[in-house]
Amino acid sequence: MPNSALPLRIEIIDSHTAGEPTRCVLSGGPHLGSGSLAERLTRLRAEHDVYRRAILCEPRGSEVLVGAWLLEPVDPAAAAGVIFFNNAGYLGMCGHGMIGVAATLAYLGKIGPGRHRIETPVGDVTITLDEKDEVTISNVAAYRHRARVPVELPGYGVVHGDVAWGGNWFFLIEEHPFMLSLENEEELMDFTWQVRQALQANGVTGAKDAEIDHIELFTAAHDPINQSRNFVLCPGKVYDRSPCGTGTSAKMACLVADGKLKPGELWRQEGILGSVFTGRVEMDGDRILPYITGSAYVTSAASLIFQSHDPFRNGIPNHNGKPNGKLG
């Protein structure tokens, strides 16, 4: 897509949720039509993907940023529609990002305390904002697809993990040799990236051959008030600074499947920074409905400028030179 296709200015608000950043796009983007969020995502990906890296990545951002494109909902009773995207492509849902969306809408005065519905490409999500600006999201239904799937890694032998859906596809590993701390960041990244490549090489997928693009490691929590600590590799070869909302949803689905978590019981999931999401599940027949509670904080309101003579107006290409991504 030519540089002239980008506007001169895009309005954004940045926030972080438990340390993980979200960039909400308010205005200045292309018109995506009035169809469902899934249809608008298809149009964004096929016709306007140049916006994704131009908005998120260097020189205006960083690889770790997650974008949230705020759109008019199909149902006017919903508070907003949102499409989540990152340096590698597009996300079906994003737990930390949805909490960031709630904080941004509250900052803009578009929502107040109470329950609000947000439309996403994979279904509607309900958010509840309390008087202290803490946000609880009612996520899409989660489930475990396969248990203890073996994958062989050079130097590590056979590693077992569960394949689960929490709004994105995860491979969840309990048995591994690592302490989950920032000091081990390089080793954790190398190991989880090897796991992801091994899953692809061995044809291990989610339902309907969906790519598993999140790898999640677990250990005991560092703070005994919490139940678990995690490290999450995200699709674009970056790690989640938060405890990961969709990853916590997938984890709770596995716990329910193993009889280790009952409806209404709290699960405090600690992330790699020590920040915490509080989760619980409710049941709708056999469907597992996850709830995630956390807080987000607005960090800036800004205009992204796209000068016509800027050689990196479209952003800097990623490490493999491929600008396009796909829905995870």
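Residues numbered from 1 in each chain as written. Predicted model: local features only at pLDDT ≥ 70, side-chain atom pairs only at ≥ 80, totals over all residues. Heavy atoms only, no water.

Peer 1: Can you walk me through the nonpolar core in this structure?
Peer 2: A general trend in soluble globular proteins is that nonpolar side chains are found buried together. Formed by 63 residues in total, the largest nonpolar core has its most connected members in Phe-84, Met-98, Val-101, Ile-137 and Phe-171. Per-element tally for this core: the top contributor is helix 4 (residues 185-201), with 7 residues. Core analysis: the second largest hydrophobic core is formed by 22 residues, Leu-32, Ile-55, Ile-83 and Tyr-90 among them. (Core = buried A, V, L, I, M, F, W, Y, C linked by side-chain atoms within 4.5 Å. Buried < 20%, exposed > 50% of the residue type's maximum accessible area, 1.4 Å probe, protein only. Helix = DSSP H or I, 4+ residues; strand = E, 2+ residues; numbered from the N terminus.)

Peer 1: I'm lost on the pairing of strand 4 (residues 80-85) in this one. Help?
Peer 2: Every regular strand shows the same layout, with side chains that alternate between the two sheet faces. Most of strand 4 sits out of view: 6 of its 6 residues are buried. Direction of pairing for strand 3 (residues 66-71) relative to strand 4: antiparallel, over a ladder of 5 bridges. Directly across from Leu-70, in strand 4, lies its bridge partner Val-82. Note: strand 4 against strand 5 (residues 90-91), 2 bridges, orientation antiparallel. Counted as the bridge partner of Phe-85 is Tyr-90 from strand 5. (Pairing = 2+ DSSP bridges.)

Peer 1: Sorry if this is basic, but what is going on with the packing of aromatic side chains here?
Peer 2: Two aromatic rings are characterised by how far apart their centres lie and by the angle between their planes. For the structure on display, the rule yields 9 aromatic pairs. Between Tyr-51 and Trp-69 the ring centres are 5.9 Å apart and the planes differ by 65°, which places this aromatic pair in the edge-to-face class. Taken as a pair, Tyr-51 in helix 2 (residues 50-56) and Trp-69 in strand 3 lie far apart in primary sequence, 18 residues in all. Accessibility expressed as a relative area gives 5% for Tyr-51, which makes it buried. Here a set of aromatic residues connected by ring pairs shows up, and it is made of Tyr-51, Trp-69, Phe-85 and Tyr-90. (Phe/Tyr/Trp six-rings, centres within 6.5 Å; stacked < 30°, edge-to-face > 60°.)

Peer 1: What is the right way to read the confidence of the model for the protein from this model?
Peer 2: Interpreting fine coordinate detail is not advised for predicted regions of low pLDDT. Across the protein, the average pLDDT comes to 93, with 95% of residues at 70 or higher. The low-confidence segment residues 320-328, where pLDDT is below 50, has 27 contacts with residues more than four positions distant or belonging to other chains. (pLDDT = per-residue confidence, 0-100. Contact = heavy atoms within 4.5 Å.)

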